[in-house]
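A closer look at the structure
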Amino acid sequence: MKIGFIAHDTKKRLMQDFCVAYKSILEKHELYATGVTGRLIEEATGLKVHKFISGSVGGIEQFCAQIDDNELDLVIFLRDPLHPKTHEPSISSIVGSCDNYNIPLATNLASAELMILALDRGDFEFREAYR
């Protein structure tokens, strides 16, 4: 499965910790991320991440294009709804694209953990029907 990662600045460390905790599951899948988030995941885990450019300079558009082309199976977007910065990605474009293509989206740690564990059990095989 292809998993996409995005994190607001205040959640990047949490994303790294999440990926370290679930490295044994993530290493079985293809990982995609916006530039800085992808680099931080690679540094923390040693996993290979296909990186787009930084979200603030077009990486979000590249990320959404992957969704719109039905190329991602799961998206984890750890966002900070209380302190978003103007240069950080907007949730609306990502949510809209994921909803349009039935791509599961986690926007917080609890839902991300549930989805990763479900992925490990094989619960996301339905995504094959959408490709």
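So, here's what we can say about the structure.

1. Details of the overall build of the protein
In terms of helices and strands, the protein carries seven helices and five strands. Along its sequence from the N terminus, the protein presents helices and strands in the succession β-α-α-β-α-β-α-β-α-β-α-α. Here the C-alpha atoms of the protein give a radius of gyration of 13 Å, agreeing with the 14 Å that 2.2 N^0.38 yields for 131 residues. Taking all 131 residues of the protein together, the buried fraction comes to 48%. Counted over contacts in the protein with a minimum sequence separation of 6, partners at least 24 positions apart contribute 69%. For the protein, the exposed surface amounts to about 6400 Å²; the carbon and sulfur share of it is 52%. Positive and negative side-chain charges in the protein, numbering 14 and 19 respectively, have mean positions lying 4 Å apart.

2. Re the pairing of strand β2 (residues 30–33)
Note that strand β1 (residues 2–7) and β2 share four bridges and pair parallel. If you follow K2 over to β2, its bridge partner there is E30. Relative to strand β3 (residues 49–51), β2 is paired through three bridges, and the arrangement is parallel. From the neighbouring strand, A33 faces β3, where its bridge partner is K51. In this region the chain leaves β2, passes through helix α3 (residues 35–45) and returns to the parallel neighbour β3; the handedness of that crossover is right-handed.

3. A few points about the sheet that holds β3
Hydrogen bonding along the main chain pairs the strands of a sheet, whether they run parallel or antiparallel. The parallel open sheet is built from five strands, whose spatial order is β3-β2-β1-β4-β5. In this open sheet, the two edge strands, each paired with only one partner strand, are β3 and β5 (105–106). The strands touched by α3 within the sheet are β1, β2 and β3, with β3 carrying the most contacts at an inclination of about 155°. Where helix α4 (residues 59–68) meets the sheet, it contacts β1, β2 and β4 (74–78), and its direction lies at approximately 150° from that of β1.

4. Some thoughts on the pattern of salt bridges
All chains considered together, the criterion is met by six salt bridges. With a shortest N-O distance of 3.4 Å, K28 and D120 are connected by a salt bridge. One end of the pair, K28, is in the loop between α2 (23–26) and β2; the other, D120, is in helix α6 (residues 109–121), and 92 residues separate them in sequence. Of the residues examined, K28 reaches a relative accessible area of 56% and is grouped as exposed. For D120, a relative accessible area of 42% puts it in the partly exposed group. When the shortest N-O distance is used, the salt bridge between K51 and E42 registers 2.9 Å. Residue classification places K51 among the partly exposed positions, given a relative accessible area of 39%.

What counts and how
Residues numbered from 1 in each chain as written. Predicted model: local features only at pLDDT ≥ 70, side-chain atom pairs only at ≥ 80, totals over all residues. Heavy atoms only, no water. Helix = DSSP H or I, 4+ residues; strand = E, 2+ residues; numbered from the N terminus. Rg over C-alpha atoms; globule rule 2.2 N^0.38 Å. Buried < 20%, exposed > 50% of the residue type's maximum accessible area, 1.4 Å probe, protein only. Contact = heavy atoms within 4.5 Å. Areas by Shrake-Rupley, 256 points an atom, 1.4 Å probe, with all protein chains shown as cover. Lys, Arg positive; Asp, Glu negative; His and termini not counted. Charge placed at Lys NZ, Arg CZ, Asp CG, Glu CD. Pairing = 2+ DSSP bridges. Right-handed = clockwise from strand over helix to strand, strands pointing away. Axes fitted to C-alpha atoms, helices over the stretch in contact; angles between N-to-C directions. Salt bridge = Lys/Arg side-chain N within 4 Å of Asp/Glu carboxyl O.

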